[in-house]
Amino acid sequence: MEERKVILDIHNFSIAFEQYENGFKKTSLPTIRELDVTIHEGEMVAVVGSSGSGKSLLAHGILGIQPYNATLGGEIIYDGEILTEERKAALRGNEIVLVPQSVAFLDPLMKIGPQIRKGKKDKASKEKLDGIFKGFHLKEEVQDLYPFEMSGGMNRRVLVSTAMMGNPRLVIADEPTPGLHMDMVRRVMAHFREMADNGAGVLLITHDLEQALEVADRVVVFYAGTTVEDADVKDFEKEENLRHPYSKALWRALPQNGFQFIDGTQPYVKDLPEGCPFGPRCKECTAECKKRIAYREVRGGRVRCIHAV
Amino acid sequence: MKKMNGRILTLVAFIAAVGFLTAITIAGTVFADEAMVVDFSRKNLAPCGQYIFGTDWMGRDMFVRTLTGLSMSIKIGLLAAGVSSIIAFILGTLAATMGKTVDSIITWIIDLVMGIPHILLLILISYAFGKGFKGVVIGVALTHWTSLARLIRGEVLQLKEATYIKVAEKLGKSKFEIAWKHMVPHLLPQFLVGLILMFPHAILHEASITFLGFGLSPEQPAIGIILSESMTYLTMGKWWLAVFPGLLLVFTVVLFDVAGESLRKLLDPASAHV
Amino acid sequence: MLLEAKNISFKYGKDTRQILDNFSLSVESHERVGIIAPSGFGKTTFCKILAGYEKPDSGEILLDGKSLSSYKGYCPVQMIWQHPEQVVNPRLHMRAALEEGDKIEERIIRGLGIEDDWLNRYPTELSGGEMQRFCIARALGKRTKFILADEITTMLDLITQSQLWSFLIKEVQEREIGLLAVSHSMPLLQSVCTRLQELDK
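Note that the structure is predicted; figures quoted are calculated from it, not measured. Once a new chain begins, its residue numbering starts again from 1 and follows that chain's sequence as written. To read the labels, note that chains go from A and ligands from 1, taken in the order they are written. Per-residue local features are limited, in this predicted model, to residues with pLDDT of at least 70; the limit for side-chain atom pairs, both in listing and counting, is 80 or more; totals at the level of whole chains, interfaces and linings are taken over all residues. For side-chain calculations, the full set of non-hydrogen atoms in the structure is used, while hydrogens and water are omitted.

What follows covers the overall build of chain C. Labels follow the DSSP assignment, with helices taken as runs of H or I lasting at least four residues and strands as runs of E lasting at least two, numbered in each case from the N terminus. Scanning chain C from terminus to terminus reveals six helices and nine strands. Counting only C-alpha atoms and orienting by the principal axes, one finds that chain C spans roughly 45 × 35 × 35 Å. Counting over 201 residues, chain C shows a buried share of 59%. Of the contacts made within chain C by residues no fewer than 6 positions apart, 74% connect residues no fewer than 24 positions apart. Working definition of accessibility: Shrake-Rupley area with a 1.4 Å probe, residue cover restricted to the visible protein chains. Here chain C displays about 8100 Å² of accessible surface, and carbon together with sulfur accounts for 48% of that area. Neither His nor the chain termini are counted; the positive set is Lys and Arg, and the negative set is Asp and Glu. By convention, charge coordinates are those of NZ in Lys, CZ in Arg, CG in Asp, or CD in Glu. In chain C, the 25 positive side-chain charges and the 28 negative ones have mean positions that sit 4 Å from each other. For every residue, the accessible area (1.4 Å probe, protein chains only) is compared with the maximum for its type, and the residue is labelled buried under 20%, exposed over 50%, or partly exposed between those bounds. Only heavy atoms enter the contact rule, under which two residues are in contact if any of them lie within 4.5 Å.

Structure (C-alpha cells):
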C-alpha cells in the first residue's frame, strides 16, 4: 500500500488554563498535558476519553477557538506546515471544519438553510444541501427553521450537515452523536466514513469506545490529559494486542468482555501524579514510572508506557 | 513576562474606589459648616495655593463647598439606591414566584416606569413630595428600581427551572430551604452589584433635578445648586466655579462605576481569569 | 413495593409530537428493569414522569397503589441523571450536595470511592465521573425505594461505568430498591438488568 500523506500531525500538544482559587491564588490547570495524534489523508482517527477529560479542548485548540485564559503548547503541523493562529483563522470553516457538540455553535438568528449554505443561493449549493438533508431524513421545511425550533435529534443531524457542505480536507467531529439513536449514529458515522474514503482526514473525538471501534481506522486512548496509546482498531479484538495497561483495563470493562473494573478514578487535573497518570491504579507501576514517559513505537502502534512490549 | 494577578488588581481598584468615596463623604460632612462661611475679603479668587478650587462671589471656599455638595449627593444616592434596590428585590421576587397575574402586573408597572422619561417622572414625584431632601430621595428611589427588578425577576425565573432546584424539591427540601441554600448564593452578588451600579445614576439624577430647581433648596451647598449658580458667573470668566465641581462630580460617578464593575468581576467566577 | 406507570400519555406543547402514548410499565422492588426503546421514544421524559418531575397529560404513576404525587416531602422514587453537572448547584461545595440527600451512609460514600478531599470542592473542580458518584450517593438516601437511572454512565469511561454499576447493583439488591435503567447500550443493559422491556408506541 502506498504511503498516504500526513494531513495533521499533533506533537506534544498541551493546553493549560489560568485560574483563580480561594479568591486570589492564581494557578495553572494543565488540562491537556501530552497529546500526540497523527491523521493521514483518507483516515479516520478516534480520540477516546471520558467526558471532562479535556478532549473538546483539543478540537478548539486545533481550530484556534480556545477560551481566552488558555495557553497552548507543543506543535500542530497541518499539511506539512506549522499551524499558526493566523492559519487556523484562515483555514477553519473551509479546509478544516468542526462538527460541534451543541447548537450553541449556530447563529440563533439565522435560519438553518441559509446558515449551512453560508448564504450562498446558487442552485448547486441548494441541491447539495437538499441531498444531504434527504440522507439524514430531514424534511425540506427544516431549512426554514431557526436553531431553537429544532429537536435534539434534528440538531445533531443539522450540525453534521454543516461539515458536509464544503469539501473539507480535515473534519473534526466533537462528540457528534450523543442523544441519537443507534441507527442514526450509524448513518452519521457512515457519512464521516464516506468523507474519509474520499480523501479527507477525520478526527473523531468521543467518549464511546464501542462506537469508535465500529467506524474508525485507529483509536487513540486519552487518559487524564495524556494520550497513552495509539492502536489500530484491529488491536482491540484481543486484550493481548493492546499495549497500555489502561487500554487493557478499558477492554476488560466492556460489558461484553466481562464488565470488570479496576479501583480508583481518573484523577482531576489538579491531582495528577508525577510521570504516568495511570501509575497509582496500575499493577505494573515502578519507580521508573514516576518520571516523564516517552511516547514510543511498539508493534506498529504507539504507547506511553515503559513496560509495554 | 509574568502576568499580573488580575484579581488582586481588581480588589485594589475596588478598595481604592470605596475608600475615596468614603473619604469624600466624611470630609464633606465635617466641613459642612465651613462651606457656608461668607467672607467678602476673599471673593472671586481664582484657584491658588490656599483655595485650590478658588472662591465664589461671596468669598466661599469652593473646595469645601464642592466636597460638602458631593457628600450630600452620595448620602442621597445611598439612601435612594438602598430603598430602590429593596423595592426591586421585593417586586422582582414576587413577579417570579407569585404566578402569572402578579407577574404581568409587575411587569406592566416596570414597563410603565421605564417608559416615562426618567427625569420627567423624577421631577413630578419630587415636586409632589415638596422637593427638598425628602422629595429627591423619594423621587430617585421610585424611579431607579426597574432594571434591577427585571434582572432579579429573570434570575429567579431561571433558577426556578434549574434542574438542581427541581432535584432538591424531590429530595424533600422546603421552599424556604431551597430559597436560602440555592437561590441566595446566586442572587446576592447580582443584587450587590446592581445596588452599587445604581449609585451613579441616583447621584447624577439628584444633581440634575437640583440644577433644574426641583430638588434641594438653594441654601444647601448641593452640587446641582453650585453648578446652576455658577452658570451666571461663567460668562464673566469665573470658569473655576463650574469646572472643578463638575469634574469632581464626574469623578465620583466614575468611582462608583469602578467599584461596581470590580465587585462584579470579583464575585463572578467566570470572569477575571486574566 | 411496586412502582407502576398506567396508561401514560405525554407531549410537550400543543402542536408537538406525541412522546408517550398510552404507555404502561411496572417495576417491583427486587427487579432491575432495563428499557430499550426505538428512536425518539423520549426515555428521559419517561424517567422524569416516573420520578414526578413532569406531569403526564393522562394516566397515573402509582407507588404501592397510591398516586406518587400524594407522597409529600422526600420522594421515594429518585432519579439519577445523565449529566451530573446539571443537578448540582455550581456555587455550592460538593459536601452541600451530599448533605441534601436523606442521611447518606458513610458506607455508600466509601463504596462509591468518594474521597474526603472532594467534599470541599466546587462542581467545576471535579471530573464528570467524580461528580456522578456524588449524584448516585445522594439518590441512595434512607427513604429511597426506587432508582431511575437515565444513561447515568453514558458520558463516563468504561472502567468508571463498570465500577459504578457494580456498586449500584449490590446496593439495590441488599436494600431491595427497585431499579429502572435506561441506556442505548444493549450489552450494558444485559449485564445490569434482571429483565428487559421493549417499548413501542
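Below, the discussion takes up the interface of chain A and chain C. Residue-level contacts link 28 residues of chain A with 29 residues of chain C. When two components associate, each loses some accessible surface as probed by a 1.4 Å sphere; the sum of these losses over both components is called the buried area. Both faces considered, chain A and chain C share a buried interface measuring about 2400 Å² in area, 59% of it formed by carbon and sulfur atoms. By the criterion of area lost to chain C, the three top residues of chain A are F259, T265 and Y268 of chain A, representing 25% of everything that side buries. Within this document, salt bridges are pairs made up of a side-chain nitrogen of Lys or Arg and a carboxyl oxygen of Asp or Glu, the two lying within 4 Å of each other. There are zero salt bridges connecting chain A and chain C. Polar contact is defined as a pair of N or O atoms within 3.5 Å, subject to the rule that within protein one atom must be able to donate a hydrogen and the other to accept it, and that residues adjacent in sequence are counted only when both atoms are side-chain atoms. The tally of links from chain A across to chain C stands at seven residue pairs in polar contact (both at pLDDT 80 or more). Each residue belonging to the side of chain A that touches chain C can be placed in one class, and the counts come to 13 nonpolar, nine polar and six charged. Residue polarity follows a fixed list, in which Ala, Val, Leu, Ile, Met, Phe, Trp, Tyr, Cys and Pro are nonpolar, Asp, Glu, Lys and Arg are charged, and the others, Gly among them, are polar.

Turning our attention to a nonpolar patch on the surface. All names here are of chain B. The residues that make up patches have over 30% relative accessible area and no salt bridge, and they are joined within 9 Å when like-charged or within 5 Å when they are Val, Leu, Ile, Met, Phe, Trp or Tyr. Taken together, I119, L120, L124, F211, L212, M231, L234, W239, V243 and L247 make up a surface patch of nonpolar side chains, about 900 Å² in accessible area. At the level of secondary structure, the elements contributing two or more residues to the nonpolar patch comprise α4 (118-128), α8 (175-212), α9 (223-234) and α10 (240-267). In terms of residue count, α4 provides more of the nonpolar patch than any other element does, three residues in total.

This part covers the packing of helix α2 (residues 62-97) of chain B against α8 of chain B. All names here are of chain B. Taken N-terminus to C-terminus, the directions of α2 and α8 make an angle of 130°; their axes are 8 Å apart at the nearest point. Our classification of the angle between α2 and α8 gives oblique. Classified by chirality, the crossing of α8 by α2 is right-handed. Between α2 and α8, the residues in contact are S73, I74, I76, G77, L78, A81, G82, S84, S85 and F89 and F191, L195, M198, F199, A202, I203 and E206, respectively. Its residues assigned to classes, the contact of α2 with α8 shows eleven nonpolar, five polar and one charged. Simply put, an axis is a line fit to the C-alpha atoms, just over the touching stretch for a helix, and the angle between two N-to-C directions goes from 0 to 180 degrees. Oblique is the label for any angle not under 35 degrees, not over 145, and not in the 65 to 115 range, which are roughly parallel, roughly antiparallel and roughly perpendicular in turn. By convention the crossing between two helices is left-handed if the near helix lies anticlockwise of the far one by an angle smaller than a right angle, and right-handed if it lies clockwise.

Residues and elements named next belong to chain C. Mapping G34 onto the fold places it in strand β3 (residues 32-36). Considered as a pair, G34 and R195 are 161 residues apart in the sequence and their alpha carbons are 6.2 Å apart. Contact partners of G34, with chain neighbours within four places excluded, come to A181, L189, C193, R195, L196 and Q197.

Here we take up the sheet that holds strand β7 (residues 146-150) of chain C. Within a sheet, neighbouring strands are paired by backbone hydrogen bonds and run either parallel or antiparallel to one another. Residue and element names in this part refer to chain C. Here, a strand pair is defined by DSSP locating no fewer than two bridges between the strands. Spatially, the five strands line up as an open sheet ordered β6-β7-β8-β3-β9, and their pairing is parallel. A single partner strand is all that each edge strand has here, and the edge strands are β6 (77-80) and β9 (195-198). Averaged over all pairs of adjacent strands, the angle between their axes in this sheet comes to 20°, without regard to strand direction.

In this section: the pattern of salt bridges. Oppositely charged side chains are able to pair whenever their charged atoms sit close together. In this structure the tally under the stated criterion is 35 salt bridges over all chains. The closest approach of N and O atoms between R243 of chain A and D235 of chain A, which form a salt bridge, is 2.9 Å. Accessibility assignment for this pair places R243 of chain A and D235 of chain A in one class, buried. Between D111 of chain B and R150 of chain B there is a salt bridge, with the nearest N and O atoms lying 2.6 Å from each other.

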